[in-house]
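So the chains spell out like this:
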Amino acid sequence: MAVALAPSGWWRRWRRRLSAREVSRMLLLLLLLGSGQGPRQVGAGQTFEYLKREHSLSKPYQGVGTSSSSLWNLMGNAMVMTQYIRLTPDMQSKQGALWNRVPCFLRDWELQVHFRIHGQGKKNLHGDGLAIWYTKDRMQPGPVFGNMDKFVGLGVFVDTYPNEEKQQERVFPYISAMVNNGSLSYDHERDGRPTELGGCTAIVRNLHYDTFLVIRYVKRHLTIMMDIDGKHEWRDCIEVPGVRLPRGYYFGTSSITGDLSDNHDVISLKLFELTVERTPEEEKLHRDVFLPSVDNMKLPQMTAPLPPLSGLALFLIVFFSLVFSVFAIVIGIILYNKWQDQSRKRFY
């Protein structure tokens, strides 16, 4: 369909008012819209989201498997079904996980999780729940909802069984979050309370409609919301400012059952890149970090990994080490000869 061009004089006057950055941004948006993969605006501010397919998962679950070429890898008892991926079946002593093989280098992102927890257990006779991860290590089985303890990164837990018998102020199932630099252990006996950033009750078990969880990380601000009422509306759960997460970590989800059990199913995982405008001052403040941390929360100090040495730096270190060794040997020989000469003179 032909499109009429604007008058040349009006176009020139309008174009002068646009900066080069604004023009390039408009062209990019038009290109994306033309391809059918355009961004969606989030909220009232200048925030747009772009679906990142290399970090997303949905039916019919292509690219899921155990090979090194798969975008998503299964572990343990996890199984691919036609309508969902089952992390653990409703059986005792099972654990399973699903991990993205591609590290995420996005600065601002949003992960939407469509899941279902259901089983035959009544009242409190079910467990244990599932976790969503953004961590440095992947495919590491362990006791924390099927993942390793003392992890490095972010964990969001949908805990369906209360281990602490004396607590009465919170109702389960319960959603909580934890940031770890590798120095903290998850306290199962107290349901993770000593290290949690916050939490909320989430009645998500044996529901007959879809249940969703969203994890949003923007400008070092962590927000967790849920849609579990069948109303297609997000409800606030956790909001924590000053969360510092490194880039290059992996997304995953895991689950575990013990003496009690449930079906823990994941229907989809969708990761969106969020484009957020920053001032020059915000750019300086939001530089990359090497270890996860939370402002105003003291975590045991861990030594940040040193960057790898370049070939030139390694050569210089070896070269000067050899030079120093040769120099030390020569000085030692000279001093030894002088000592021998002085010994002969004293003898004669």
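An unreviewed UniProt entry lists the protein under the name VIP36-like protein isoform X2, from Odocoileus virginianus. If you open the UniProt record of the protein and go to Subcellular location (unreviewed entry), you find "Membrane".

Asker: What's the story with the overall build of the protein in this structure? I'm lost.
Answerer: Scanning the protein from N- to C-terminus turns up four helices and 19 strands. Here the protein, with 348 residues, has 42% of them falling under the buried criterion. Considering only contacts in the protein between residues 6 or more positions apart, those separated by 24 or more positions represent 69%. If you sum the accessible surface of the protein, you get close to 20700 Å²; carbon and sulfur atoms cover 57% of it.

Asker: Explanation requested: empty space enclosed by the protein in the structure shown.
Answerer: By rolling a water-sized probe across the atoms, one finds the places where empty space is left. Scanning the entire structure with this criterion turns up three cavities of 30 Å³ or more. Roughly 140 Å³ of internal volume is contained in the largest cavity. The wall of the largest cavity is formed by 15 residues, among which R107, Y217, R220, L245 and R287 lie closest to the centre. Considering only residue class, the lining of the largest cavity consists of five nonpolar, one polar and nine charged.

Asker: Explain the packing of aromatic side chains here, please?
Answerer: Aromatic ring pairs are reported here in terms of the distance separating the ring centres and the angle at which the planes meet. Within this structure, the stated rule accounts for eleven aromatic pairs. Considering the side-chain rings of W109 and F251, the 5.0 Å spacing of their centres and the 85 degrees angle between planes classify their relative orientation as edge-to-face. Within this pair, whereas W109 is found in strand β8 (residues 109–118), its partner F251 is found in strand β17 (residues 250–256), the two being separated by 142 residues in sequence. Classification of F251 by relative accessible area gives buried; the value is 3%. Between Y134 and F251, the aromatic rings sit 4.9 Å apart at their centres with planes inclined by 40 degrees, giving tilted as the arrangement. With a gap of 117 residues between them, Y134 in strand β9 (residues 129–135) and F251 in strand β17 connect regions that are remote in the sequence. Like F251, Y134 is buried. One aromatic cluster is present, formed by W109, Y134, Y217, Y249 and F251 through successive ring pairs. Over the ring of Y250 we find R138; its NZ or CZ atom is 5.7 Å from the centre of that ring. Above the face of the Y174 ring, R170 is positioned so that its terminal group lies 4.1 Å from the ring centre.

Asker: In this structure, what is going on with the pairing of strand β6 (residues 85–88)? I would like to understand it.
Answerer: Consecutive side chains of a regular strand alternate in pointing toward one face of the sheet and then the other. Relative to β6, strand β5 (residues 79–80) is paired through two bridges, and the arrangement is antiparallel. Counterpart to V80 in the pairing with β6 is I85.

Asker: Help me out: how do you make sense of the sheet that holds strand β4 (residues 72–76) in this one?
Answerer: Whether parallel or antiparallel, the strands of a sheet pair through hydrogen bonds between backbone atoms. Pairing in this open sheet of eight strands is mixed, and the strands run β3-β4-β7-β17-β9-β10-β11-β12 from one edge to the other. Each having just a single partner strand, β3 (64–65) and β12 (198–201) make up the two edges of the open sheet.

Asker: Hey, could you run me through the UniProt feature "transmembrane region" (unreviewed entry) in the protein in this one?
Answerer: Following the UniProt record, one finds the feature "transmembrane region" (unreviewed entry) at residues 312–336. Regarding residues 312–336, the helix share stands at 100% and the strand share at 0%, and the terminal C-alpha atoms are separated by 36 Å.

Asker: How do you make sense of the nonpolar core when you look at a structure like this?
Answerer: Within soluble globular proteins, side chains that are nonpolar tend to cluster in buried spots. L98, W109, L154, I175 and L213 are the most contacted members of the largest nonpolar core, which has 50 residues in total. Excluding residues that lie within four positions of it along the chain, L213 makes contacts with L111, Q112, V113, F115, I132, V156, V158, I175, I224, M225, M226 and W234. One finds W99, F151, F157 and Y250 within the second-largest nonpolar core, a separate group that totals 14 residues.

Here is what the cut-offs are and how they apply
- Residues numbered from 1 in each chain as written.
- Predicted model: local features only at pLDDT ≥ 70, side-chain atom pairs only at ≥ 80, totals over all residues.
- Heavy atoms only, no water.
- UniProt positions renumbered as here; feature names shortened; annotations may be inferred.
- Helix = DSSP H or I, 4+ residues; strand = E, 2+ residues; numbered from the N terminus.
- Buried < 20%, exposed > 50% of the residue type's maximum accessible area, 1.4 Å probe, protein only.
- Contact = heavy atoms within 4.5 Å.
- Areas by Shrake-Rupley, 256 points an atom, 1.4 Å probe, with all protein chains shown as cover.
- 1 Å grid on protein atoms, 1.4 Å probe; cavity = no way out; pocket = protein on both sides within 12 Å on 5 of 7 lines; lining within 4 Å.
- Points joined across faces, edges and corners; volume = space filled by probe spheres on them.
- Nonpolar A, V, L, I, M, F, W, Y, C, P; charged D, E, K, R; others polar.
- Phe/Tyr/Trp six-rings, centres within 6.5 Å; stacked < 30°, edge-to-face > 60°.
- Lys NZ or Arg CZ within 6 Å of the ring centre and 35° of its normal.
- Pairing = 2+ DSSP bridges.
- Core = buried A, V, L, I, M, F, W, Y, C linked by side-chain atoms within 4.5 Å.

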